[in-house]
Structure formats: C-alpha cells, structure tokens
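Report on the structure
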Amino acid sequence: MRHLVTGLFMAILLTSLVTQAEARSGSVRAQELLFVAPTEMTNENGPLALCHLVETRSAIYVNYWRAMQGYALAANNCDTDMYRPLDAADLKVMQDAGMISADIPSVPKMSVQSLVGGFWGLGVFGVLALLAGLKVLQTQKRRGQRLAMMGNATPGAQAILDAMCHTAKADGYIAPSEVEVIKFAAEEMTGKTFPLAHVKQMATLAKTDLVKNDYKQLIKGRSKMEQLDIMRGVLMVVAADGRMEGKEKTFVGNLAQTMGMDGLTLQNLLADVVADTTRNPSPA
C-alpha cells in the first residue's frame, strides 16, 4: 500500500513542471534555481535534479542580496525556468522512496559559494563606496592645505582666494599671470608677503572638474555681498591672460548659477575688472 501511495504521489508530482521562475520589476527581483543534487526521478523533460529556489535582488545589473525560498525539482541540472516546488513533506516522501539522498537536510541551506554569488554586488558597491570616501578625504585634505597656506586670511578672504585658485586651475594650466593676480589679492587682504611658488602651490592644490556640490562649497556661509567679492576675484584671474574660454568660461558660468547671479550683474562685474586691469596692467 505504501508503494502504491508513493507511486501515485510521484505521478502527480512529476506530471509536469508548471511553475516558472519569475523576474520582477525589470529584473530588480528575480527567482533563480541553483543545483543541489541529482535525483532518481525523470519526466518528459529528462532527468530531474534537486535545486535551491532563491530570490536574487539586483540594482543596475549588480546582485546585492540573495534569499532562500525552498527546494524545487527541475530538469537540465536546474538550468531552466520551469520547476516544481518541494516542501519538507514532499522531500521526506522522496527520501523514503530512495529517489533523493537521505543526506539532504529537510531545511535548505545555502552554501557559502552560492551565498557569495548573490552578494558579490555588495563587494562592488563597497569598493566603489570606499573609493568615493577616499576621494572625499583627499579633497578635504587638499582644501585644508590650501586654507592653511593662506595665513591669517579671514574666512571671507579665504573664500575669495580659494575661488581664485580654482579659476586658475580650471583649464588645467596655471598661468604665471594668474599666479601674480592671486598673489596680489592675498597680500592685499592679509598684509602678508606671499612668494610666487607658495601661491602657485595653493592653486595646484585646487580641484578640477568641479561638480554642483563643489561650487556650493566655494560660497558656503558667504553673504550676497561677499559672493560679489568672490566673483570679482574670479574675474580678476580670468582677465589676467586677457581671455575667458573653454573650462574657465564653464567655471564662471557654473559659479554664477550657484550664486543665483544674473547675467547683467556678471557682465557689469567683468566690465569693472577689465577697466581696472586696463588702468593697472600689473597687480604688483
């Protein structure tokens, strides 16, 4: 009688593999079959294997989470989308019938290798986060070095000089005339003498290819009047070599946008700076 019940159970269970592994929300959540062990069972699709049915979550095609959902039977060594789920009772019947190894635990447990397969994305994200963190720390360190090199400059004066240094570095080449202008401004605001090599090093420590938050940092805590002084210093550097183009133009435009400065104000500031430069060709 037991063999008859077992036979009927197998016949019903193996009639077809009607459940299909799901992919949800653009593959952000997807079901996956992982091979566990061979079985003594077959159906119209051939030999069946015991599989782990797991849910894998991903973002931007990178796996970051894997969770066990249970056992399943599937053809082609689990390399298929069609499967038949197995609960603990089903597994016990098959083990008693000798169709599945008795060594298989009733509660599925994922191997370290399978688990790592689901979490490798966390490693990728971790590395990216680490690199981003190191980049932020490096940027903060360089900013601290620049500010320290400005001597006894007030916070407002530091903001002006920092923006001027970024302007000089914007196109990747720090011109001697730009260094002269920054030196003049630094000495006017601090009353301290700055060697040209010292000023050039300040500009060298500035960042290129700024993003939105970088521009916000340049004017952080500064009033609208102070922002006018910052832009005036920036335009002094731009006017030092008699032209504003390429990355310098982009820098000025992005900074003005961050300040909420209109085009007419910017144009008037530039006209004043050019007029001062014409009257006083050398900042020294």
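Note that the structure is predicted; figures quoted are calculated from it, not measured. (Residues numbered from 1 in each chain as written. Predicted model: local features only at pLDDT ≥ 70, side-chain atom pairs only at ≥ 80, totals over all residues. Heavy atoms only, no water.)

Considering the overall build of the chain
Rules: Secondary structure counts use DSSP, requiring at least four H or I residues in a row for a helix and at least two E residues in a row for a strand, with both numbered from the N terminus. Accessible area is worked out with a 1.4 Å probe on protein chains only. A residue is then buried under 20% of its type maximum, exposed over 50%, and partly exposed in between. Whether two residues touch is decided by their heavy atoms; if any such pair falls within 4.5 Å, the residues are in contact. Accessible surface area values rest on a Shrake-Rupley calculation with a 1.4 Å probe, where residue burial reflects the displayed protein chains alone.
A count of helices and strands for the chain gives 10 helices and six strands. Within the chain, buried positions represent 38% of all 284 residues. For the chain, the proportion of contacts with a sequence separation of at least 24, taken over those separated by at least 6, is 65%. Total accessible area on the chain is roughly 15900 Å²; 58% of this is exposed by carbon and sulfur atoms.

Digging into helix α4 (residues 155-169)
Note the following rule: Between the first and last residue of a helix there are one fewer steps than residues, each counted as 1.5 Å, and that sum is the expected span.
Between its terminal C-alpha atoms α4 stretches 21 Å, which fits the 21 Å expected from 15 residues at 1.5 Å a residue. Across the 15 residues of α4, 14 count as buried, placing the element largely inside the fold.

Some details on the nonpolar core
Soluble globular proteins: nonpolar side chains tend toward being buried together. In plain terms, the rule: Throughout this description, the term nonpolar core refers to a set of buried Ala, Val, Leu, Ile, Met, Phe, Trp, Tyr and Cys residues connected via side-chain atoms within 4.5 Å.
In this structure, M231, F251 and L255 are the most contacted members of the largest nonpolar core, which totals 45 residues. Mapped by element, the contributors of at least two residues to this core are α4, α5 (176-190), α6 (196-204), α7 (212-219), α8 (224-240), α9 (246-259) and α10 (263-279). Broken down by element, the residue count for this core peaks at eight residues, all from α4. Beyond its immediate chain neighbours, meaning those up to four positions away, L255 contacts Y215, L218, I219, I230, M231 and V234. In terms of nonpolar packing, the next biggest core, distinct from the first, is built from 12 residues, L48, L50, A75 and L91 among them.

Looking at the packing of α7 against α9
Helix-helix packing is characterised by the crossing angle of the two axes and by the distance between the axes. Put simply, the test is: Every angle, taken between N-to-C directions, lies between 0 and 180 degrees, and every axis is a line fitted to C-alpha atoms, over only the stretch in contact when it is a helix. Should an angle fall under 35 degrees it is called roughly parallel, over 145 degrees roughly antiparallel, and 65 to 115 degrees roughly perpendicular, with every other angle called oblique. For a crossing to be left-handed, the near helix must be turned anticlockwise from the far one by less than a right angle; the clockwise case is right-handed. Residue classes follow a fixed rule: Ala, Val, Leu, Ile, Met, Phe, Trp, Tyr, Cys and Pro count as nonpolar, while Asp, Glu, Lys and Arg count as charged, and any other residue, Gly among them, counts as polar.
One can describe the packing of α7 onto α9 by two numbers: an axis separation of 9 Å at closest approach and a directional angle of 70°. When the axis of α7 is compared with that of α9, the two are roughly perpendicular. In terms of crossing hand, the pair formed by α7 and α9 is right-handed. Between α7 and α9, the contacting residues are Y215, K216, L218 and I219 on the first element and T250, F251, N254, L255, T258 and M259 on the second. Here the residues of the contact of α7 with α9 are counted per class, giving six nonpolar, three polar and one charged.

Considerations on the side chain of N43
Here is the rule: Pairing of N or O atoms within 3.5 Å defines a polar contact, subject to two protein rules: one partner must be a possible hydrogen donor and the other a possible acceptor, and residues neighboring in sequence count only if both atoms are side-chain atoms.
For N43, the position within the fold is in strand β3 (residues 29-43). Reaching out from N43, the side chain makes a polar contact with the backbone nitrogen of N45 at a distance of 2.8 Å.

A short note on the environment of M244
Within the secondary structure layout, M244 lies in the loop between α8 and α9. The class for M244 is partly exposed, based on a relative accessible area of 32%. Not counting chain neighbours up to four residues away, the residues in contact with M244 comprise V238, K249, V252 and L270.

What to know about the packing of aromatic side chains
Selection rule: Stacked, tilted and edge-to-face are the three classes applied to pairs of Phe, Tyr and Trp rings, where Trp contributes its six-membered ring and a pair requires centres within 6.5 Å; stacked means planes under 30 degrees apart, edge-to-face means over 60, and tilted covers the rest. Consider the ring centre and the ring normal. A charge sits over the ring if Lys NZ or Arg CZ is within 6 Å of that centre and within 35 degrees of that normal.
In this structure the tally under the stated criterion is one aromatic pair. Stacked on the ring of F194, the Lys or Arg K192 has its end atom at 5.6 Å from the ring centre.

Quick notes on the confidence of the model for the chain
Put simply, the rule reads: Think of pLDDT as the predictor's per-residue confidence, scored from 0 to 100.
Counting all residues, the mean pLDDT for the chain is 81, and 75% of those residues have values of 70 or more. pLDDT under 50 marks residues 1-6. Its contacts with residues more than four places away, or in other chains, come to three contacts.

Some remarks on the pattern of salt bridges
Selection rule: Think of a salt bridge as a Lys or Arg side-chain nitrogen and an Asp or Glu carboxyl oxygen that are within 4 Å of each other.
Within this structure, the stated rule accounts for seven salt bridges. K183 is the partner of E187 in a salt bridge, and the nearest nitrogen-oxygen pair spans 2.7 Å. Of the two residues, E187 and K183 are both situated in helix α5; the distance of four residues between them amounts to about one turn of the helix. Since its relative accessible area comes to 25%, E187 is described here as partly exposed. Assessed through its relative accessible area of 18%, K183 is described here as buried. A salt bridge links D209 to K247, with the shortest nitrogen-to-oxygen separation between them at 3.8 Å. Of this pair, D209 sits in the loop between α6 and α7 while K247 sits in helix α9; the two residues are 38 residues apart in sequence, bridging distant segments of the chain. On the basis of relative accessibility, which here comes to 57%, the residue D209 falls in the exposed class.

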